[in-house]
Amino acid sequence: MSTPHWRPLFIIMFFFFFLLKLLSAVSILRTPRFPCEPPHHSSYPFCNTSLSFAARAHSLVSLLTLQEKIDQLTNNASAIPRLGIPAFEWWSESLHGLATNGPGVTFDGVVSSATSFPQVLLTAASFNRTLWFRIGSAIAVEARAMYNVGQAGLTFWAPNVNIFRDPRWGRGQETPGEDPMVVSAYAVEFVKGFQGGESRVGDGVRDGSGEKRVLEDDDDVGGSHDLMLSACCKHLTAYDLDKWASFTRYNFNAVITDQDFEDTYQPPFRSCVQQGKASCLMCSYNEVNGVPACARKDLLDIARDKWGFKGYITSDCDAVATVFDYQHYAKDPEDAVADVLKAGTDINCGTYLNRHTLSAIKQGKVQEEDVDRALLNLFSVQLRLRLFEGDPIKGKYGRLGPQDVCTLENKKLALEAARQGIVLLKNEKNFLPLKKVAVSSLAVIGPLANNASKLEGGYTGIPCSSKSLVDGFQEFIKNTYYATGCLNVSCDSDAGFHEAIRIAKYADFVVIVLGIDLSQETEDHDRVSLLLPGKQMSLVSSVAAASKKPVILVLTGGGPLDVSFAEKDPRIAGILWIGYPGEAGGQALAEIIFGDVNPSGRLPMTWYPESFTNVPMNDMRMRADPSHGYPGRTYRFYTGSKVYSFGQGLSYSNYTYKFLSVPNKLILSGSFKAGFDKNILNQVGDGPDYVNIDELTSCDSVRFFVQISVMNVGDMDGGHIVMLFSRSPKVIQGAPEKQLIGFNSVHTISNRSTTTSILVDPCMHLSFANEKGQRVLPLGHHILMLGDLEHSVSVLI
């Protein structure tokens, strides 16, 4: 019997459609676009938004196989096709704008650039909390917009809130400076802005900045609210050495006293968690008192149990591997895995956990429950990011897109940040600002002056519309001439001096742009000298000698420089520090030099003389030890000579202060815990007593506002930073020389006064740590210092 001619065709078509259906099903399993995508993957309990984040996270973990769990313990978490969960990249960077350092951010799609704000250290020089919050918010909007078009992640590893302890550190530029209170305040504002929180004056808890802050549901520490994005405070803790002498960040053991641990290294991280509500912490490469930071259970337990941290803890990249490979703390990879997982590290940047956890479980060194604990933290953050609620384009931030990146508003914010951060360090005989009408020609000299990309700093992306410093000057002076002077920042040759001297002789005014860039200071590269590199100093002197008028020296880079020669040289009339000013730095500098903007920035770090390089960089002590010739570190404890001081910065106006309202004494009666006996107060010789902060129930009743009048005695309006310091009675060994207790950025009007107030919490601002790491409040006379003014406040019981 013959087969009908149509039957082979029917069979072929049947198999063809079957194959299409099969391929479609496989496609659904292998390439889900987002978790909980209907109709195939939206019915799981972890997709049920009526359940709590915790319940959903537990449900998800319960559905995973052991191998699927282990595959989540890396920054590039694997997809789980059978549950419709795509791969997830945890590592994106956003230190001062969207950066290309992490694999999560790319600029090869519809978004080809993002706003590049000044490097953090220069932004910190503004001492402006509102500005810090606005920058965090602006970066977050651009990041979420780029996520929506597949060019960024949702979890970002910023900010860097380590203390800028040593001027040689290559990554000091990434930090908000040397003062733990300032770094804490920056951490709070940036994180809240970045994660979608609020920052406004009102009722609520107070942060270390001296202002009240409204938090979203103050009794919640950040574990139940949703997130716009996830910020990560890094690197916990005492990470401030990359590569110096025989020490590297991978093998360095940071030996820290309890005293320094409490009042220097930990406060920024504590504030980041308690007030900023950061959803991530990153543990550092280095050891802390002999134990790798990512394996220090007591350190990570403090964050979770004492500070109330609810989020995930990531290792720095390959920091789990260093526990075995570099530090030899563990005897094999499986022990390293067990050490960090049991300590509380949740995820490894890198593949070490992914490769060795199964073996560690089989050997009984770690339990599956330890992996489950880590996954609950990880998935809880993803859930708070609304990752498991279907199509993100239909969600709260789905409207954001390319139109929200490089906006005019964000570009203006980058410009404003550079304006507020640039610091005027010298202005001999009011040489600056220059009058545009009096300048017919301008010579600009230096290898960085015409290279915008070199002035972005570390952890940067592709700027929206970056212009060089020369471009900025040419907007003001058409006849602007340029010479490199040095071939590069290393300045190993004087071959370019001749051309630099030639244009300096010809021009009316001369600006010399020198300093350091990423070839001198960066991640994994610390400096050995604080002097200008190579022949730069010779270039300055040669050009200054040739110029018809005194010259202006502009200094770049994050690390402090010993420019004592320039400070003392009358031929150098002006010195400005511009750090890494971001995409709008050229315009901001020109505006300041030509008087369109009144400079207001203050140094967030001490500038030391070259002799400081004799101090071992690996010595982590903050307090001075005169008997052994150790000068201490940062303005709080340093006893040596300085080139420029913390908080130093000039203006085109002069300012005078008045204390309008400030108490003369504070009485702690009624603040002690029940059963406390005043007769057992700590006694120190014949001096005044002190009390442990732990003995006080609260300092609420003795908090006070310092009301201040700021008079602008000058012809220019401008911003001004009010900085209130204190000096405590010397009743405890290691008391700070002085410490910042409050700061405000205010706008002032020429020849008019402005009032402002700073909240002082004695338990927080007038205390410090004793040798046991306990915070103590000295009794007796505390001196409040405001510019040249001093006022005594007696703390009594």
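Residues numbered from 1 in each chain as written. Predicted model: local features only at pLDDT ≥ 70, side-chain atom pairs only at ≥ 80, totals over all residues. Heavy atoms only, no water.

Many structure descriptions define interface size as the accessible area lost when the parts assemble. What the domain assignment lists for the protein is domain 1 (45–201 + 225–403), domain 2 (414–626) and domain 3 (654–795). Domain 1 puts 56 residues into the contact, and the matching count from domain 2 is 53 residues. Buried surface at the junction of domain 1 and domain 2, both sides included, amounts to about 4600 Å², of which 57% is carbon and sulfur. Of all residues in domain 1, the largest losses of buried area upon contact with domain 2 belong to Leu122, Pro167 and Arg168, amounting jointly to 17% of the total for that side. One can count five salt bridges joining domain 1 with domain 2. In this structure, Glu523 and Arg249 form a salt bridge, with 2.7 Å as the shortest nitrogen-oxygen distance. There are 34 residue pairs in polar contact (both at pLDDT 80 or more) connecting domain 1 and domain 2. Per element, the largest residue contribution to the side of domain 1 that touches domain 2 is five residues, and it comes from helix α7 (residues 258–265). A class-by-class count of the residues in the side of domain 1 that touches domain 2 yields 27 nonpolar, 15 polar and 14 charged. (Domains from an automatic or database assignment. Contact = heavy atoms within 4.5 Å. Buried area = accessible area lost by both parts, 1.4 Å probe. Salt bridge = Lys/Arg side-chain N within 4 Å of Asp/Glu carboxyl O. Polar contact = N/O pair within 3.5 Å; in protein donor to acceptor, adjacent residues only side chain to side chain. Helix = DSSP H or I, 4+ residues; strand = E, 2+ residues; numbered from the N terminus. Nonpolar A, V, L, I, M, F, W, Y, C, P; charged D, E, K, R; others polar.)

In the predicted model, the protein carries a mean pLDDT of 92, and 91% of its residues have values of at least 70. This model gives residues 16–29 a pLDDT under 50, and the stretch forms six contacts once residues within four places in sequence are excluded. Contacts for the low-pLDDT stretch residues 200–222, under 50 throughout, to residues beyond four places or in other chains number 68 contacts. (pLDDT = per-residue confidence, 0-100.)

With that settled, consider the UniProt feature "domain: Fibronectin type III-like" (unreviewed entry) in the protein. Under the present numbering, the feature "domain: Fibronectin type III-like" (unreviewed entry) in UniProt falls on residues 720–790. Within the segment residues 720–790, helix and strand shares are 6% and 58% respectively, and the terminal C-alpha atoms sit 19 Å apart. (UniProt positions renumbered as here; feature names shortened; annotations may be inferred.)

The next thing to look at is the sheet that holds strand β23 (residues 753–760). As summarised here, the arrangement of the three strands in space is β17-β20-β23, forming an open sheet in which the pairing is antiparallel. Unpaired on one side and paired on the other, β17 (654–661) and β23 mark the two borders of the sheet. Along the sheet, successive strands turn relative to each other by an average axial angle of 30°, direction set aside. Sheet topology places β17 next to strand β20 (residues 704–713); seven bridges connect them, and they run antiparallel. Note on β20: the bridge partner recorded for Phe659 is Ile708. (Pairing = 2+ DSSP bridges. Axes fitted to C-alpha atoms, helices over the stretch in contact; angles between N-to-C directions.)

A word on helix α5 (residues 129–148). Note: α-helices contain 3.6 residues per turn, so residues at a spacing of three or four share the same orientation. Here α5 is 20 residues long and its end C-alpha atoms lie 29 Å apart, about the 28 Å a rise of 1.5 Å per residue gives. Extensive coverage of α5 is indicated by the burial of 16 of its 20 residues. A side-chain oxygen of the first residue of α5 lies 3.1 Å from the backbone nitrogen of Thr130; this N-cap is Asn128. Count one or two residues on from α5 and you reach Gly150, which has phi positive near 75°. (Expected span 1.5 Å × (residues − 1). Buried < 20%, exposed > 50% of the residue type's maximum accessible area, 1.4 Å probe, protein only.)

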